[in-house]
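Letter by letter, the chains look like this.
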Amino acid sequence: MRATKLVVSRRGVMKGGSALAVATAVPTGWAIAQAKPLKVGLMLPYSGTYAKLGENITFAIELLLAEKGGKLGGREVQFVKVDDESKPELAPQNADRLVKRDQVDVLIGTVHSGVQMGIHKVVSESGTLTIVPNAGNVAVTRELCAKNVFRSSFTNWQPAYGMGVAAAKKGYKKSVWVTWDYAAGAESGQGFKEAFEKGGGQMLPNLTLPFPQTNFQPLLAQIPGLGVDVVGSFFAGGGAVQFVKEYAAAGIKVPLVGSGFLTEGVLGAQGAAAEGIETALHYGDGLDNPKNAAFRKAFKDKAGRDADVYAVQGYDAAQLLAVGLEAVKGNIEDEANLYKALRAAKIESPRGPISMSASQNVTQHIYLRKAQGGENKVVGIAVENLADPGTGCKLA
Ligand code: BEZ
């Protein structure tokens, strides 16, 4: 009954570390379904300011797998988890270990844009299928795009662009972007600026501090003297909790808006300080669709806390992987059909229907939300079906 065929595997070559192509006997059809577990590397932050983000992504991936009966494309899944600590300097060695030592078939990671660059360097060389479940650095799906790298989240440009559109429409005229000095902060500031200036607004130079520092007082002290009528911001995780609390405590009268991460998954900790803050994101509370209702209930049952955008992105990373593996019946070596299926994937996400852009990033609505009573309530759509421009990506 066991059928075999001979394939030349680039992935096998890389894993073996040999410079020569090798022929590998790979079982097909029924036999594939019985094959060894698929190894999935989860390279995520489980400590530091982004720890909760990494945890929620992981819970949601495990949830989707449980819903699929513990198998994707007929194969059992084995996870190999690495805490990347949101430290870019450790990223190449962590990714390299997963790819070369653990020989993962798929790498899902990560949250921090700087760490993503380290992963990207490694997987662009190894050809390992990679799904980005959060980090928004634009290069990964712009000039450095690669056929084996897909994103289930956003680019840093997307939500901030949506907020810039909304801020200009509200009639704000002059703004400043306050953020951490790394890719996510700078690129989201760029997205806000582009839309805000297109809408007639004016931006001052960014106010920044190094990631993950939280010494916000010197920045906050400058704001009243700037003459701005709105402040835009990117912070996330533990840093966002502290920034929003200190902004409110400083008694600054200028409204604070942001990329939705500013209030996402942290409203409980921010309390009254967050009340009324408007943000833009590809998810929000009160999205009324059956998938979202089922997902939120299942996530809460598993994790003991409410789902947020990070959970949604993790769930969709696993949904995307499931689509690809089902198309090739678990044979991850069938790269041509695997990538074809991933590129064409139409996914019912808790955030609404999503698809892949030509550069393998998500095309999605950017919702306008308002923090009210502990929820990021969706109050409108800032931009419908927004695709990142994918500038410089040559994937057809
Ligand atoms: C980033 O580094 O890309 C990022 C981190 C947290 C939330 C959003 C983006």
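Predicted model, so just to flag it, every value in this text is computed and none were measured.

Basis of the calculations
- Residues numbered from 1 in each chain as written.
- Predicted model: local features only at pLDDT ≥ 70, side-chain atom pairs only at ≥ 80, totals over all residues.
- Heavy atoms only, no water.
- Near = heavy atom within 4 Å.
- Polar contact = N/O pair within 3.5 Å; in protein donor to acceptor, adjacent residues only side chain to side chain.
- Areas by Shrake-Rupley, 256 points an atom, 1.4 Å probe, with all protein chains shown as cover.
- Nonpolar A, V, L, I, M, F, W, Y, C, P; charged D, E, K, R; others polar.
- Salt bridge = Lys/Arg side-chain N within 4 Å of Asp/Glu carboxyl O.
- Helix = DSSP H or I, 4+ residues; strand = E, 2+ residues; numbered from the N terminus.
- Buried < 20%, exposed > 50% of the residue type's maximum accessible area, 1.4 Å probe, protein only.
- Expected span 1.5 Å × (residues − 1).
- Contact = heavy atoms within 4.5 Å.
- Pairing = 2+ DSSP bridges.
- Right-handed = clockwise from strand over helix to strand, strands pointing away.
- Phe/Tyr/Trp six-rings, centres within 6.5 Å; stacked < 30°, edge-to-face > 60°.
- Disulfide = S-S within 2.5 Å.
- Axes fitted to C-alpha atoms, helices over the stretch in contact; angles between N-to-C directions.

J.: Looking at this model, I keep getting lost on the site of the ligand. Mind explaining?
T.: Surveying the vicinity of the ligand reveals 15 residues, the closest of which are Val111, His112, Ser113, Gly136 and Tyr182. Val111 places a polar main-chain atom, nitrogen or oxygen, 3.4 Å from an oxygen atom of the ligand. Here the ligand loses 100% of its free accessible area of 260 Å² to cover by the protein chains. For the shell around the ligand, a count of residues per class yields 10 nonpolar, 5 polar and no charged.

J.: Help me out: how do you make sense of the pattern of salt bridges in this one?
T.: Oppositely charged side chains are able to pair whenever their charged atoms sit close together. One pass over the full model with this rule turns up 16 salt bridges. Close ionic contact of Arg296 with Asp285 constitutes a salt bridge, the shortest N to O distance being 3.6 Å. Of the two residues, Arg296 is situated in helix 11 (residues 290–303) and Asp285 in the loop between strand 14 (278–281) and helix 11; the sequence distance between them amounts to 11 residues. Judged by its relative accessible area of 22%, Arg296 is partly exposed. What makes Asp285 buried here is its relative accessible area of 14%. Among the ionic pairs, Arg351 bridges to Asp316, the shortest N-O distance being 2.8 Å. Of this pair, Arg351 sits in the loop between strand 15 (346–349) and strand 16 (352–356) while Asp316 sits in helix 12 (residues 309–327), and the two are 35 residues apart along the sequence.

J.: How should unusual backbone geometry be read in this particular structure?
T.: The phi angle of most residues is negative, glycine excepted, and most peptide bonds adopt the trans form. Cis geometry is adopted by the peptide bond preceding Thr110, which originates at Gly109 and carries an omega value of 0 degrees. Relative to the assigned elements, Thr110 resides in the loop between strand 6 (106–109) and helix 5 (113–126). A cis amide bond, omega -5 degrees, links Phe211 with the succeeding residue Pro212. Mapping Pro212 onto the fold places it in the loop between strand 11 (207–209) and helix 8 (217–222).

J.: Quick question: what am I supposed to make of helix 6 (residues 157–169) here?
T.: Side chains that are three or four residues apart share a direction in an α-helix, a result of its 3.6 residues per turn. An ideal rise of 1.5 Å per residue puts 18 Å on 13 residues; helix 6 measures up with 18 Å between its terminal C-alpha atoms. Of all 13 residues in helix 6, 12 are buried, a share of seventy percent or more. Every buried residue belonging to helix 6 is among Trp157, Gln158, Pro159, Ala160, Tyr161, Gly162, Met163, Gly164, Val165, Ala166, Ala167 and Ala168, and all of these are buried. Contact partners of the buried residues in helix 6: strand 9 (174–180), helix 7 (183–198), strand 13 (256–259), strand 14, strand 17 (362–372) and strand 18 (375–386). Looking one or two residues beyond helix 6, the residue adopting positive phi is Gly171, at roughly 95 degrees.

J.: Please explain the environment of Gly136 as it appears in this structure.
T.: Positionally, Gly136 belongs in the loop between strand 7 (129–132) and strand 8 (149–151). Residue class for Gly136 comes out buried when judged on its relative accessible area of 2%. With 205 residues separating them along the chain, Gly136 and Ala341 place their C-alpha atoms 23 Å apart. Not counting the four nearest positions on each side in its chain, Gly136 is found in contact with Ser113, Arg151, Phe154, Thr155, Asn156 and Glu187.

J.: Please clarify how the pairing of strand 7 should be interpreted in this entry.
T.: Within a regular strand, side chains alternate between the sheet's two faces. Judged by which residues are buried, strand 7 turns out to be covered on both faces: Leu129 and Ile131 on one side and Thr130 and Val132 on the other are all buried. Relative to strand 7, strand 6 runs parallel, the two being bridged by 3 bridges. In the strand pairing of strand 7, Ile108 is matched with Ile131. Viewed along the sheet, the connection from strand 6 through helix 5 into strand 7 turns out right-handed. Strand direction decides the pairing type here: strand 7 and strand 8, joined by 3 bridges, are parallel. The partner of Val132 across the bridge, within strand 8, is Arg151.

J.: Hey, could you run me through the side chain of Thr141 in this one?
T.: Within the secondary structure, Thr141 sits in the loop between strand 7 and strand 8. For Thr141, a relative accessible area of 0% translates into the label buried. Of the polar contacts made by the side chain of Thr141, one reaches the side chain of Arg151; its length is 2.6 Å. When residues no more than four places from it in sequence are discounted, the contact partners of Thr141 are Arg151, Thr155, Ser359, Gln360, Asn361, Gly390 and Cys393.

J.: Which parts of the structure should I look at to understand the packing of aromatic side chains?
T.: Each pair of aromatic rings is reported with the distance of its centres and the angle of its planes. Following the criterion strictly, the structure yields 20 aromatic pairs and no others. Seen from their ring centres, Phe216 and Phe235 are 5.1 Å apart, and the 70 degrees between their planes marks the pair as edge-to-face. Within this pair, whereas Phe216 is found in the loop between strand 11 and helix 8, its partner Phe235 is found in the loop between strand 12 (230–234) and helix 9 (237–249), the two being separated by 19 residues in sequence. You can call Phe235 buried: its relative accessible area is 0%.

J.: For this particular structure, what's the right way to read the state of the cysteines?
T.: Two cysteines form a disulfide when their sulfur atoms are joined by a covalent bond. Scanning the model with the defined rule gives 1 disulfide in all. For Cys145, the disulfide goes to Cys393, at an S-S distance of 2.2 Å. Taking the torsion about the S-S bond as the criterion, the Cys145 to Cys393 disulfide, at about 90 degrees, is right-handed. In this pair, Cys145 is assigned in the loop between strand 7 and strand 8 and Cys393 in the segment after strand 18, connecting sequence segments 248 residues apart. Taken as a pair, Cys145 and Cys393 share a single burial class, namely buried.

J.: Please clarify how the sheet that holds strand 7 should be interpreted in this entry.
T.: Consider a sheet: its strands pair through backbone hydrogen bonds, and that pairing is either parallel or antiparallel. Spatially, the 6 strands line up as an open sheet ordered 4-5-3-6-7-8, and their pairing is mixed. Where the open sheet ends on each side, the last strands, each with one partner, are strand 4 (71–72) and strand 8. Two strands pair when backbone bridges link them, and strand 3 (residues 38–44) and strand 5 (residues 75–83) are joined in this way by 7 bridges, in the parallel orientation. Bridge pairing in strand 5 places Met43 opposite Val82. Each of strand 3, strand 4, strand 5 and strand 6 is contacted by helix 3 (residues 51–67), which is oriented at about 175 degrees to strand 5, the strand it contacts most.

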